[in-house]
Amino acid sequence: MLKVLNANSGVGSEVKLRDYSEPLQNQRDISSYASRYVYNFDFGVEPDVTDLHIYENQMIRIWRAMAENPYIDFAIDDIVNEMISYNVDDKYPIELDLNDTKFSKNIRNKIHDEWITVMKLLRFHKKSYSLIRDWYIDGKQYFYVEEGKNGIKNITVLDPLRTKKIVNKDDSYSYIYHDTQLNNVLFEIPKESMIELTSGLMDNRHNIWISYLNNAYIPLNQLNNIEDALLIYRIARAPERRVFYIDTGQLPKSKAETYMKEVIRQLRNKMEYDPSTGKIKETSNNMSLLDDIYLPRSAEGRSTEVSTLQGGGNFLNQTDDLDYFKIKLFRSLNVPFTRWSELNGPANVIGRTAELTRDEVKYRKFIVRLRNCYNALFTILLRKQLSLKNIIKESEFNEEYENIMFVWSSDSFFAEMRDIEILNERLNIVDRVTPNAGVYFSTAWVMRDILKFTDEEIEQMKKEIEEDKKNGQPMPQDDPTMNPDDYSSQNDEPEDDEDDYGADGYIGTDKEKEEESILYERR
C-alpha cells in the first residue's frame, strides 16, 4: 500500500505511479473532452495537458524535414532495402515459421492461409517499402483495423500528426483521429480497433516515442553548416576580381566621390536595343559589384590602372572536415560510411562474408532489431485474425507466442555464401576432432555442438544413414581416422591401363615415354 507524504499536493486517495518504461504521453490524464481536439495538439491553450502532443508533432515535422536531406534519404533507403529483400521466388518478403509450435498440422495450414490474408489486407507486397519508411521516420505508426464477422475487413494507416492516444483517470484509454484534410471530422476510436506501432526509443526524459533519425539531428546541422561555408567561400573567394584604380586628379573629396559613382554606374549599366519593341533598354550588370573593386587614386604621375586580385583557388579539393562530419552523420544512423564513400573500393564490392567489416556486422544486428520491432504489427494482426475466424483462441496464441517466427527474406547470394562458409568451417573442425571421437568426444556431441544439429535432425540423419546402408550405399569404415575418399579409393578395383603400365613395365603415358626416349638419345 502506497502512502502519500505530500498531503497538500491535491491528489486523491488513489494515485498512479509513473511507469518509466513507457513515455509520459501514454500515462498523463486528459479528462477534459474539449482538450482532446487535435488542433489543440498544434496550438494548445493548456500547456499542462497538450504540451506533450505539441512537442511530439513538432519533432515529427523535424524528422520528416530531415528525411528530405540527400544523405539522410540515402541512409533510409539503404536501411529499408536491407530490411526488405525480394528474391525471385518470394511473393512476400516475410514468411511465417510454425515449426517450433505445438499446433497440429491442420491448424498450421489454416494459420498459414490467414497469414497470406493479413499480407493481402496490408498490401504488403506493394506498400512494404513506404510503410516501413514512414514508420522509421516518424517513430510510430497507427493502424485502424476494421473488424467483421469473418475476420478483418480493412486496415487503414493513420497519420501520427492527426492521431493521439488519450488516457483517462481510470486508466482506460482510447484514440482520437482528426481528419483535417478529407472530411474535417473528429473520430474517437476504441483501443480494440487501433494498433500503435512504436520504434521502442524514447527521448532522454522518457516523455514521447522518438524516431531513429533523432540522433542524427545535430550531426546533420553541423554537416549542412560546413557545406554552406564551403559553398560561400567558393562563390565569394574563388573567382578572380578586377581592381580599378581610378585617377581622380586634384578633385576635391566630394567631387571625387561623385566622379567615382559615375564611373561605377557606367561600368555597371549597359544600353541595349530591343528589336521586338523598338526601344532602348538599360540593363544592369549586378555581378560587377561582387567581382570588381574600385579604388580612387589622386597621386601625381599615376594614371588609371586595372589589375586582378588572385582568387582563393580550388579549395573544394580539401574536404577532410566535410568527410569527418559525413562519417559522424552515418554513424549516428548506424549505417557504415563505406556504403556511401567511394574511397574504400573493396568495401563496396560483393565478395565473401569474411571480407565484411565490423561496422557491417553491427549494421546487420541493427537491421535485425528493426525487424523484431516491426514484427509486433504482424503478431497483433495475426492474433486478431485467428481469433475472429475462431481458428484458435487468443490465449492459445499467447501460449505459443515465443515459438511463432516471422522470417524476413535476405539476399540469396549472401545467405548462400554465409551458409557455405559456416558449413565449411564446421567440417574442418569435425576433421580435426574425428581422430579423437570415442576417446575424448562422443558422436552425439560432435553432431550437436559442432555441426549444430537439433535432436530432430540427429534422429533424421541416423534414419537416413540406416536407409543408405540398407540400399547398399558405400559407407566409410568403422575406423574414425579413415578419410571417406581414401576408403572409396581402396574399395575401387584397379583397372588395367595400357597408357600407365606398358609391356616394358614403364609407368606413364605414351607421350611421356616418347619424351623420355628423346631425352635419352640426346644424352
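The following refers to the structure shown. (Residues numbered from 1 in each chain as written. Predicted model: local features only at pLDDT ≥ 70, side-chain atom pairs only at ≥ 80, totals over all residues. Heavy atoms only, no water.)

Right, let's talk about the overall build of the chain for a bit. Of regular secondary structure, the chain possesses 15 helices and 13 strands. Residues counted as buried form 34% of the 523 residues belonging to the chain. Here the contacts in the chain between residues at least 6 apart in sequence split such that 66% fall between residues at least 24 apart. Split by element, the accessible area of the chain, about 34300 Å² in all, is 50% carbon and sulfur. (Helix = DSSP H or I, 4+ residues; strand = E, 2+ residues; numbered from the N terminus. Buried < 20%, exposed > 50% of the residue type's maximum accessible area, 1.4 Å probe, protein only. Contact = heavy atoms within 4.5 Å. Areas by Shrake-Rupley, 256 points an atom, 1.4 Å probe, with all protein chains shown as cover.)

Moving on, we come to a negative patch on the surface. A grouping of Asp-100, Asp-455, Glu-456, Glu-457 and Glu-459 is seen on the molecular surface, where their side chains present a negatively charged patch. Checked against the element boundaries, Asp-455 lands in helix α13 (residues 455–470). In this structure Asp-455 comes out as exposed when scored by relative accessible area, which is 58%. (Patch = residues over 30% accessible without salt bridge, like charges linked within 9 Å, V, L, I, M, F, W, Y side chains within 5 Å. Salt bridge = Lys/Arg side-chain N within 4 Å of Asp/Glu carboxyl O. Lys, Arg positive; Asp, Glu negative; His and termini not counted. Charge placed at Lys NZ, Arg CZ, Asp CG, Glu CD.)

Our focus in this paragraph is the sheet that holds strand β4 (residues 163–167). Across the sheet, three strands lie side by side as β4-β5-β6; this open sheet has antiparallel pairing. Each edge of the open sheet is held by one strand with a lone partner, namely β4 and β6 (185–190). The average undirected angle you get between the axes of adjacent strands in this sheet is 25 degrees. Of the pairings in the sheet, the one linking β4 to strand β5 (residues 173–179) comprises five bridges and is antiparallel in character. The partner of Lys-164 across the bridge, within β5, is Ile-176. (Pairing = 2+ DSSP bridges. Axes fitted to C-alpha atoms, helices over the stretch in contact; angles between N-to-C directions.)

Let's shift gears to a positive patch on the surface. Together, Arg-331, Arg-358, Lys-362 and Lys-365 make up a region of like positive charge exposed at the surface. Tallying contributions element by element places helix α9 (residues 358–388) first for the positive patch, with three residues.

For the rest of this paragraph, the subject is the side chain of Asp-78. Structurally, Asp-78 can be placed in helix α2 (residues 70–83). Apart from the residues within four sequence positions on either side, Asp-78 is in contact with Val-335, Arg-339 and Tyr-363.

Our focus in this paragraph is the nonpolar core. By size, the foremost hydrophobic cluster in this structure holds 70 residues, and its most contacted members are Leu-122, Leu-213, Tyr-374 and Phe-378. Filtering out sequence-adjacent residues up to four positions away, Leu-213 remains in contact with Trp-63, Met-66, Ala-67, Ile-72, Ile-76, Tyr-136, Ile-137 and Leu-333. If you look at the next biggest cluster of nonpolar residues, it comprises six residues, including Leu-158, Tyr-175, Tyr-177 and Ile-189. (Core = buried A, V, L, I, M, F, W, Y, C linked by side-chain atoms within 4.5 Å.)

Let us look at the pattern of salt bridges. Counted by the stated rule, this structure contains 10 salt bridges. In this structure, Arg-64 and Asp-138 form a salt bridge, with 3.0 Å as the shortest nitrogen-oxygen distance. Placement of Arg-64 in helix α1 (residues 47–66) and of Asp-138 in helix α4 (residues 124–138) is noted, with a sequence separation of 74 residues between them. For Arg-64, a relative accessible area of 30% puts it in the partly exposed group. According to the relative accessible area criterion, Asp-138 is buried, its value standing at 6%.

The next subject is unusual backbone geometry. Residue Asn-390 is not a glycine yet carries a positive backbone phi of 60 degrees. As for its placement among the helices and strands, Asn-390 is situated in the loop between α9 and α10 (394–399). For Lys-452, which is not a glycine, the phi torsion comes out positive at approximately 60 degrees. Within the element layout of this structure, Lys-452 appears in the loop between α12 (443–450) and α13.

Spatially, three strands are ordered β3-β2-β7 in an open sheet, and the strand pairing comes out antiparallel. If you trace the sheet from one side to the other, it starts and ends with β3 (151–158) and β7 (194–198), each paired once. On average, each strand axis in the sheet is inclined to that of its neighbour by 25 degrees, with strand direction left out of account. Of the pairings in the sheet, the one linking strand β2 (residues 140–148) to β3 comprises seven bridges and is antiparallel in character. Considered in β3, the bridge of Gly-148 is made with Gly-151.

In this section: α2. Counted at 1.5 Å a residue, the expected span for α2 with its 14 residues is 20 Å, and the 20 Å between its end C-alpha atoms agrees. Every buried residue of α2 is accounted for by Tyr-71, Ile-72, Ala-75, Ile-76, Asp-78, Ile-79, Val-80 and Met-83. Between the side-chain oxygen of the N-cap and the backbone nitrogen of Tyr-71 there are 2.9 Å, and the N-cap of α2 in question is Asn-69. (Expected span 1.5 Å × (residues − 1). Polar contact = N/O pair within 3.5 Å; in protein donor to acceptor, adjacent residues only side chain to side chain.)

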